[in-house]
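# Tertiary structure, described
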Amino acid sequence: MAKLRAILFDLDGTLLDTEALSDKAMYAALDIIQHDDEDEQRLPWELKQRILGLRGAEWGPIVLHYAKTKWKLENLPTANQLWKDWEENINTYCSQVQACPGATQLVQELAEYKLPMAIATSSRQTSVNKKRMNHDAIFRHMNAIVCGDHENVQRGK
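The present account deals with the structure reproduced in this document.

### Looking at the sheet that holds strand β1 (residues 7-9)
In space, the three strands of this open sheet follow the order β1-β4-β5, with parallel pairing throughout. The outermost strands of the open sheet, each flanked by one partner alone, are β1 and β5 (144-146). Looking at each pair of strands side by side, their axes are set apart by 20° on average, direction ignored. Where strand β4 (residues 117-120) meets β5, three bridges bridge the pair, whose relative direction is parallel. Directly across from Ile119, in β5, lies its bridge partner Ile145. Along the sheet, helix α5 (residues 103-112) contacts β1 and β4; its crossing angle with β1, the most-contacted strand, is approximately 160°.

### Remarks on the packing of helix α3 (residues 56-69) against helix α4 (residues 79-93)
Two quantities define a packed helix pair, namely the angle between the helix axes and the distance between the axes. Contact geometry of α3 with α4 gives a least axis separation of 8 Å together with a crossing angle of 110°. The orientation of α3 with respect to α4, classified from their angle, is roughly perpendicular. For the pair formed by α3 and α4, the contact residues are Gly56, Ala57, Trp59, Gly60, Pro61, Val63 and Leu64 on the first element and Ala79, Leu82, Trp83 and Trp86 on the second.

### Digging into unusual backbone geometry
At Lys72, a position not held by glycine, the phi torsion is positive, near 55°. Counting through the fold element by element, Lys72 comes out in the loop between α3 and α4. Look at Lys72 and you get exposed, because its relative accessible area is 61%. Notably, Lys114 is not glycine yet its phi reads approximately 60°, a positive angle.

### Things to note about the pattern of salt bridges
All chains considered together, the criterion is met by seven salt bridges. When the shortest N-O distance is used, the salt bridge between Asp12 and Lys131 registers 2.8 Å. Here Asp12, found in the loop between β1 and β2 (16-17), pairs with Lys131, found in helix α6 (residues 125-131); they are 119 residues apart in sequence, far enough to count as distant. As far as the burial class goes, Asp12 and Lys131 line up, both buried. Here Arg140 makes a salt bridge to Asp136, at a shortest N to O gap of 3.5 Å. Each of Glu19, Asp23, Arg42 and Lys48 takes part in one network of salt bridges that share partners.

### Describing the packing of helix α1 (residues 19-29) against α4
At their nearest, the axes of α1 and α4 sit 8 Å apart, and the two run at 130° to each other. Looking at the two axes, α1 sits oblique to α4. Helix-helix and strand crossings are classified by hand; for α1 and α4 the assignment is right-handed. Where α1 approaches α4, its residues Leu21, Ser22, Lys24, Ala25, Met26, Ala28 and Ala29 are matched on the opposing element by Leu82, Asp85, Trp86, Asn89, Ile90 and Tyr93. Residue classes in the contact of α1 with α4 are distributed as nine nonpolar, two polar and two charged.

Conventions we followed
Residues numbered from 1 in each chain as written. Predicted model: local features only at pLDDT ≥ 70, side-chain atom pairs only at ≥ 80, totals over all residues. Heavy atoms only, no water. Pairing = 2+ DSSP bridges. Helix = DSSP H or I, 4+ residues; strand = E, 2+ residues; numbered from the N terminus. Axes fitted to C-alpha atoms, helices over the stretch in contact; angles between N-to-C directions. Contact = heavy atoms within 4.5 Å. Parallel < 35°, antiparallel > 145°, perpendicular 65-115°, else oblique. Buried < 20%, exposed > 50% of the residue type's maximum accessible area, 1.4 Å probe, protein only. Salt bridge = Lys/Arg side-chain N within 4 Å of Asp/Glu carboxyl O. Left-handed = near helix turned anticlockwise from the far one by under 90°. Nonpolar A, V, L, I, M, F, W, Y, C, P; charged D, E, K, R; others polar.

What follows is the structure in structure tokens.
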């Protein structure tokens with residue numbers, strides 16, 4: 001069996017539970033009224049599975065097409081404006097981000113083995129800086145964090 005030499009984590013939905021906040025930010029960017037029912041605040045899975053892990057420039061057109069065809073929305077922003085509005089919204093929610101269940105404990109236990117750990121995320125650096133503010137117990141163990149807008153990243157996940 002091969003010896004484990006390092007660990008690479010995704011961030012959103014793996015270490016930090018940002019998915020519900022991401023969906024909330026998307027509805028706000030599309031100017032769709034939120035419901036009290038938490039399930040109705042989540043993006044439909046048929047859309048979510050198509051955009052997970054993509055950068056805004058890639059998911060923007062997909063979301064806009066879905067909004068036009070499935071929700072019959074009109075007067076939609078451009079893909080770049082949607083991405084910008086979504087990012088502004090998600091950044092306002094960053095202080096609410098919780099660690100995924102078990103993530104902090106897992107990282108701390110792996111750190112005891114002195115395994116190098118890193119994060120590769122589609123999120124931009126400014127967003128990661130805000131998300132990490134309340135999660136030092138995870139981030140202090142990361143040897144590297146590569147964000148989707150890093151100059152050396154040519155293609156996202």
